[in-house]
Amino acid sequence: MAFAIEEINRDPALLPNITLGYRLYDNCVNLAVALQAATALISGEDDSVTDYSCTGTPPVLAIVGDPSSTHSIAISRILGLFRVPMVSYYATCSCLSNRKEFPSFFRTIPSDAFQVKAMVQILRHYGWTWVGVIASDDDYGQSAIKSFIEEVNKFGCIGFSETLPRVHSKPRVLQIMQIIKRSSVRVIVVFSTGAYFVPLVEEIVFQNITNRQWIASEGWSGSAVIRSEENFHSFGGTMGIAIHRGEIPGLKEFLLQVHPVSDPKNNFVNLFWESLFDCKFVNLKNLNSSNNGSKICTGYEDIDSTETSYSDVSDLRGSYNVYKAVYALAHSLHNLMSCEPGKGPFQNNSCADVTTVQPWQLLHYLARVNFTTHYGDRVSFDENGDALAIYDVINWQRANDGSVKTVTIGLYDESAPAGQQLTLNEDKIFWNFEHNSPPRSVCSESCQPGTRKATRKGEPLCCFDCVPCAEGEISNHTDSTECFRCPPDYWSNPSRDQCVLKEIEFLSYEEIMGISLTTVSVFGAFISAGVLSVFIYYRNTPVVRANNSELSFLLLLSLILCFLCSLLFIGQPLHLTCMLRHVVFGISFVLCISCILVKTIVVIMAFRATLPDNNVMKWFGAAQQRGTVFVFTVIQALICIIWLSTASPVPFKNTQHQNSKIIFECNIGSITGFSFLLGYIGLLASVCFVLAFLARNLPDNFNEAKFITFSMLIFCAVWIAFIPAYVSSPGKYSDAVEIFAILASSFGLLIAIFTPKCYIILLHPEKNSKKALMGKSSRNK
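Residues numbered from 1 in each chain as written. Predicted model: local features only at pLDDT ≥ 70, side-chain atom pairs only at ≥ 80, totals over all residues. Heavy atoms only, no water.

Undergrad: Please explain the overall build of the protein as it appears in this structure.
TA: The secondary structure content of the protein amounts to 21 helices and 24 strands. For 781 residues, the compact-globule estimate of 2.2 N^0.38 gives 28 Å, and the C-alpha radius of gyration of the protein, at 53 Å, exceeds that figure by more than 25%. The principal-axis extents of the C-alpha atoms in the protein amount to approximately 170 × 70 × 40 Å. Considering only residue pairs separated by 6 or more positions, the protein has 65% of its internal contacts joining residues 24 or more positions apart. (Helix = DSSP H or I, 4+ residues; strand = E, 2+ residues; numbered from the N terminus. Rg over C-alpha atoms; globule rule 2.2 N^0.38 Å. Contact = heavy atoms within 4.5 Å.)

Below, the structure is given as structure tokens:
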């Protein structure tokens, strides 16, 4: 402050013909002393009062200080009553930005509101969403912690929030220690001055607490007491918010001009000198006359040869704020003097008289001051009296000599464009963790795509479990709070992070089951065709003629159709195949069963025709047999026509039966129509079975009724078992069940009816004669 004022007084361009004076007070880190000093300054109690009219220039026009937020709050309330400007260089409490409560308060250090923003930017940058916070029990700490918690809750969670005792309390410090040790938090933010934080630091070092990333407020980020070699194991790598560093040309030379004085009211220099050179003054008044073995101070020791924090101007932060505060007042007073008469800001456009200037007049110009320092930093105040928010981000690192130094690793500039306020030089950062890498501090790791966050009961929102999305639902971004259902034709992939087209399922010719069923169907058709060829070739033999060759040919043709109709159930359903599959199936089987039924009737009729005076066969000859088969088949055809005309089967994408697939099937359209089709086949088969069963004991030359009985037994058993199997089979398996029923019943008819005949025709031709058949009949009789 003294250097800045002397520099201003030497500057001919700033405040010409005006000499600034100053008076310094020590607040002794005590609110009462600070208030006493402030009242002394504004009342001029040290001066003799000669003018009781309260006119003229006040004792002081402005105050630089106090560095403490708590002191500044109390002092500013008093100074605000008189509109005396107060410019603090270190009070950061955001509460001081309230212009209604503190109308004359200004500061050259940013508000804690901006410090909090800078810290939050760092937390966001490294993804630290699970943090602890500790604050001192004063206005500075409590105001900052309140703002900090509000900002962090927008993107993360507070693991714990603790307050440092104002008066050292061992139990309270140990309590905070236990909370730190138990918590999974790896990043801890501390808003405090060094004095309040030291007891906890000592306990942390004593208990060897490591693996914590400390974020320091500007109140202790530069503390030389905490930043020591003994504490580096626990606090190395601390990242801190620091007042923006500046340069003051000529300050070091000014500081080195100090020399001991004999003024009894100012013995600080002498005490400093004794401490610096480890000596004692013996010839100065009010000082110890005995040196107790120490060397005697002469006052001419070479201070230039010393390297101490006193003369170290390489890291000016708080001092730079003092420098800016003095210059802000000087520029304000200069602007006040530069007012042109008739263009002033006061009543009737008047200007202030420099000889009688009042604090409230200077306050007007101070609020509008705007200049640039020698270092190139712009100084101005916003509407709340706050300075431009610029912070240095520092990192505690070990120097080559083993000491601990602060290294500037970044900058926070509130005036920069959004998203660019924080800049960090990652290569310069020291991390006190394994592999020199930043820690992870999250209560729960991020939920990857395919999962959603499920909060834990009774825990903060940052503590959650990652629950996989259900089938048919996805989440395609990190930390999704819910899963989204896929559109109807889509389904979630195995990782649940994409909706993919559902697999279309139908009984295909390309899969093993489709190939197997196709092979069996074609094989059955070839066998039936082979048997038909044998019967045609041996059509004039007794065995073929005795078994009604015409009906046998028609039966074999219908069996070929039965085998081939199963192919309509394989492949992608089309509108045509959906209509044909059940129509061809229904008509083919009715034709087949009709032939068997007529053969059964013929067997019975033939047996009755052998009785005396019975001429029934003339009423059921070949024409009647063909007509009967035709009528039975036409009835089934009519059922199919009515079914197709009222509710035709159509291709249908079934998404209800199996969510992950689209079952491409044929919707039968009308259950009634399908039931009539199957019911009619079942009716004919039942009648045929009953008649064949009744005729099973006829003589051997008419024993085809036994084989028909057995074939109908197989047929009915297959189709009775088909119904529950068809209903319970999902998707393509229902088609496979129906094909199996068609093939099984067809093979049953083919084998049961035609195997005995083919056996005689091909393997025992000697039995395929009229004599053999008649002989067998005679033996039976």
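Undergrad: Just checking my understanding: could you explain a nonpolar patch on the surface for this structure?
TA: A surface patch of nonpolar side chains, about 290 Å² in accessible area, is lined by Met1, Tyr22 and Leu24. Within the secondary structure, leucine 24 sits in the loop between helix H1 (2-10) and helix H2 (31-43). (Patch = residues over 30% accessible without salt bridge, like charges linked within 9 Å, V, L, I, M, F, W, Y side chains within 5 Å. Areas by Shrake-Rupley, 256 points an atom, 1.4 Å probe, with all protein chains shown as cover. Salt bridge = Lys/Arg side-chain N within 4 Å of Asp/Glu carboxyl O.)

Undergrad: Quick question: what am I supposed to make of the state of the cysteines here?
TA: Disulfides are covalent bonds that link the sulfur atoms of two cysteine residues. Applying the stated criterion across every chain yields a total of nine disulfides. Each sulfur in the disulfide pair cysteine 279 and cysteine 297 lies 1.7 Å from the other. Residues cysteine 279 and cysteine 297 are joined through a disulfide that is right-handed, its torsion about the S-S bond being 100°. Here cysteine 297 lies in the loop between strand S10 (295-296) and helix H11 (318-337) and cysteine 279 lies in strand S9 (residues 279-280), a separation of 18 residues in the sequence. The exposure class of cysteine 297 is buried, given its relative accessible area of 4%. Here cysteine 447 engages in a disulfide with cysteine 466; their sulfurs sit 2.0 Å apart. (Disulfide = S-S within 2.5 Å. Buried < 20%, exposed > 50% of the residue type's maximum accessible area, 1.4 Å probe, protein only.)

Undergrad: What exactly am I supposed to notice about helix H12 (residues 359-366) here?
TA: In an α-helix, one full turn covers 3.6 residues, which means residues spaced three or four apart are oriented alike. Burial analysis of H12 places six of its eight residues in the buried class, the great majority of the element. When we look at burial in H12, the residues that qualify are Pro359, Gln361, Leu362, Leu363, Tyr365 and Leu366. The inward-facing, buried residues of H12 abut strand S2 (86-88), strand S3 (105-107) and H11.

Undergrad: What exactly am I supposed to notice about the side chain of serine 97 here?
TA: Considering the arrangement of structural elements, one finds serine 97 in the loop between S2 and S3. A relative accessible area of 14% means that serine 97 is categorised as buried. Reaching out from serine 97, the side chain makes a polar contact with the side chain of aspartate 386 at a distance of 2.6 Å. When near neighbours in sequence (up to four residues on either side) are disregarded, serine 97 contacts Arg107, Ser111, Asn384 and Asp386. (Polar contact = N/O pair within 3.5 Å; in protein donor to acceptor, adjacent residues only side chain to side chain.)

Undergrad: Could you clarify how one ought to interpret the packing of aromatic side chains in this entry?
TA: Aromatic ring pairs: the centre-centre distance and the angle between the two ring planes describe each pair. Taken as a whole and judged by the stated rule, the model has 32 aromatic pairs. Considering the side-chain rings of tryptophan 220 and phenylalanine 235, the 6.5 Å spacing of their centres and the 90° angle between planes classify their relative orientation as edge-to-face. Placement of tryptophan 220 in the loop between strand S7 (213-216) and helix H8 (232-235) and of phenylalanine 235 in helix H8 is noted, with a sequence separation of 15 residues between them. Members of the aromatic cluster, connected to one another through ring pairs, are Phe3, Phe254, Tyr320, Tyr323, Tyr327 and Tyr375. Against the face of phenylalanine 106 rests arginine 99, its NZ or CZ located 4.7 Å from the ring centre. The side chain of lysine 453 reaches across the aromatic face of phenylalanine 464, ending 4.9 Å from its centre. (Phe/Tyr/Trp six-rings, centres within 6.5 Å; stacked < 30°, edge-to-face > 60°. Lys NZ or Arg CZ within 6 Å of the ring centre and 35° of its normal.)

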